[in-house]
Amino acid sequence: MLDQADRNLLVDIRNVSRSFKKGSGNDVMVLDDVDLSIREGEIVGLLGRSGSGKSTLLRIIAGLIAPSSGEAKCRGSVIQGPPLGISMVFQSFALFPWLTVLQNVELGLEAQDVDRSERRKRALAAIDLIGLDGFENAYPKELSGGMRQRVGFARALVVHPDLLLMDEPFSALDVLTAETLRTDMIDLWIEGRLPIKSVLIVTHNIEEAVLMCDRILIFSSNPGRVAQELRVDLPHPRNRLDPVFRQLVDNI
Ligand code: ADP
Ligand code: MG
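Residues numbered from 1 in each chain as written. Chains lettered and ligands numbered in written order. Predicted model: local features only at pLDDT ≥ 70, side-chain atom pairs only at ≥ 80, totals over all residues.

In the annotation of an unreviewed UniProt entry, the entry for the protein reads Nitrate ABC transporter ATP-binding protein, and the organism field reads Phyllobacterium myrsinacearum. Here is the UniProt Sequence similarities (unreviewed entry) comment for the protein, exactly as written: "Belongs to the ABC transporter superfamily." (UniProt positions renumbered as here; feature names shortened; annotations may be inferred.)

Printed below as a string of C-alpha cells:
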C-alpha cells in the first residue's frame, strides 16, 4: 500500500546517469547520478548552462531515451517509452509539416483511447485556448514561429497532462514574439486555465522561473547534476497578477 506521500509522487529519478558516444568513439557522461522527484502540483524550474544535460534529462522523463544507469519512474513504474500523463513542448516545436494545425494537435491524443469526434472536440478546445482559433486548417509553414510554438503547446495540452515538460519553449523565437507567448502562457497559468497539474520547465529566463515556479533547480555542467535547489517563497500564483508584484519581477 502506498502512503499519501508516495501517491503524490509523479516522477522519481534516482541515481540516473547517461552517456553518449562521441565522434572520438569515447563515451562522454552527460548526466551523472541525478536525483529528482516531482510531486503532483509542483512547478519546477531547471536552470543551467547550455550543454549541461537539461534536454537529456527531460527526454529521459518523457520516455524518449533511456538512462545508462539508475532508475527513472513515473507513478512508481519504470519509464519505458512515453508515459501516459506526461507531455512535452520542444525547443524546436517538432511539428509535422505535412499535417495541419488540427491534425498536429490531434496527434497528441494518439495514445489515448478517445473516439474521433471526441478527439476533434478536445483538439479544437486546446487550439482555442492557446489563441489559434481560425488556424485549424493551416499548415505549419504558413504560420509564424510564435504560432508554430502555440501549436506545440496545444498538442502537449490536449491530453490535460499530469506533467508538462517544457524545454526552453520560447528560446527559438525572436525576443518580442517570445515575450508575447511567455506572457500569454504565464497569464493562462496564473488564471488557472491551463489543464495541467505539474510542470518541469527548462529556462534561462529568471522572470519565467520566478513567476511560475515553486522550486528552482540549478544544474551544474560537465557532467550535469542538480547542484542547488532554491525554494521560491512567493504568493499563490493568482496573487502574482498583482501589479506591484509584476513590477517587482519586471525590475529584476
Ligand atoms: P542542454 O539541454 O543542457 O543544453 P543537452 O542535454 O542537449 O544539454 O546535451 C548535453 C550534452 O549531451 C551535449 O554535449 C550534447 O552534445 C550531448 N548529447 C545530447 N544528445 C546527444 C545524442 N543523442 N548523441 C550524442 N550526444 C548527445
Ligand atoms: Mg537543451
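Now, onward.
Student: Is there a simple way to explain the site of ligand 1 in this structure?
Tutor: The environment of ligand 1 is formed by Phe20, Val30, Gly48, Ser50, Gly51, Ser52, Gly53, Lys54, Ser55 and Thr56. Of the residues forming the shell around ligand 1, the biggest block, three residues, is contributed by helix 2 (residues 54–61). Residues belonging to the shell around ligand 1 are distributed by class as follows: two nonpolar, seven polar and one charged. (Near = placed C-beta within 6 Å. Helix = DSSP H or I, 4+ residues; strand = E, 2+ residues; numbered from the N terminus. Nonpolar A, V, L, I, M, F, W, Y, C, P; charged D, E, K, R; others polar.)

Student: Teacher, can you tell me more about the sheet that holds strand 2 (residues 27–39) here?
Tutor: Strand pairing in a sheet relies on backbone hydrogen bonds. The paired strands run either parallel or antiparallel. Spatially, four strands are ordered 2-1-4-5 in an open sheet, and the strand pairing comes out antiparallel. The open sheet has two edge strands, strand 2 and strand 5 (77–78), and neither has a second partner. Bridge count for strand 1 (residues 9–21) against strand 2 is nine bridges, and the pairing is antiparallel. When the sheet's bridge partners are listed, Val11 is paired in strand 2 with Ile38. (Pairing = 2+ DSSP bridges.)

Student: Explain the sheet that holds strand 6 (residues 86–89) here, please?
Tutor: Sheet architecture is open: six strands sit in the order 6-7-8-3-9-10, paired in mixed fashion. Strands with a single pairing partner mark the edges of an open sheet, and in this sheet they are strand 6 and strand 10 (225–231). If you compare each strand with its neighbour and ignore which way they point, the axes differ by 20° on average. Sheet topology places strand 7 (residues 163–167) next to strand 8 (residues 198–202); five bridges connect them, and they run parallel. From the neighbouring strand, Leu164 faces strand 8, where its bridge partner is Val199. Sheet strands in contact with helix 2 are strand 3 (43–48), strand 6, strand 7, strand 8 and strand 9 (215–220), and its direction is about 155° off that of strand 7. Sheet strands touched by helix 5 (residues 145–157): strand 6 and strand 7. Its angle to strand 6, the strand with the most contacts, is close to 180°. (Axes fitted to C-alpha atoms, helices over the stretch in contact; angles between N-to-C directions. Contact = placed C-beta atoms within 7 Å.)

Student: What should I look at first to understand the nonpolar core in this one?
Tutor: Note on soluble globular proteins: their nonpolar side chains tend to be buried together. Judged by nonpolar contacts, the single largest core of 63 residues is most densely connected at Ile61, Val105, Ile127, Ala154, Leu165 and Leu200. The biggest single contributor to this core is helix 5, with six residues. (Core = buried A, V, L, I, M, F, W, Y, C linked by C-beta atoms within 7 Å. Buried ≥ 20, exposed ≤ 12 C-beta atoms within 10 Å, placed from the backbone.)

Student: So what exactly am I meant to see when it comes to helix 2 here?
Tutor: The α-helix advances 3.6 residues per turn, and as a result positions three or four apart in sequence lie on the same side. For helix 2, the tally of buried residues reaches seven of eight residues, placing the bulk of the element in the interior. Taken together, the buried positions of helix 2 are Lys54, Ser55, Thr56, Leu57, Leu58, Ile60 and Ile61. Just beyond helix 2, the residue with positive phi is Gly63, at close to 75°.

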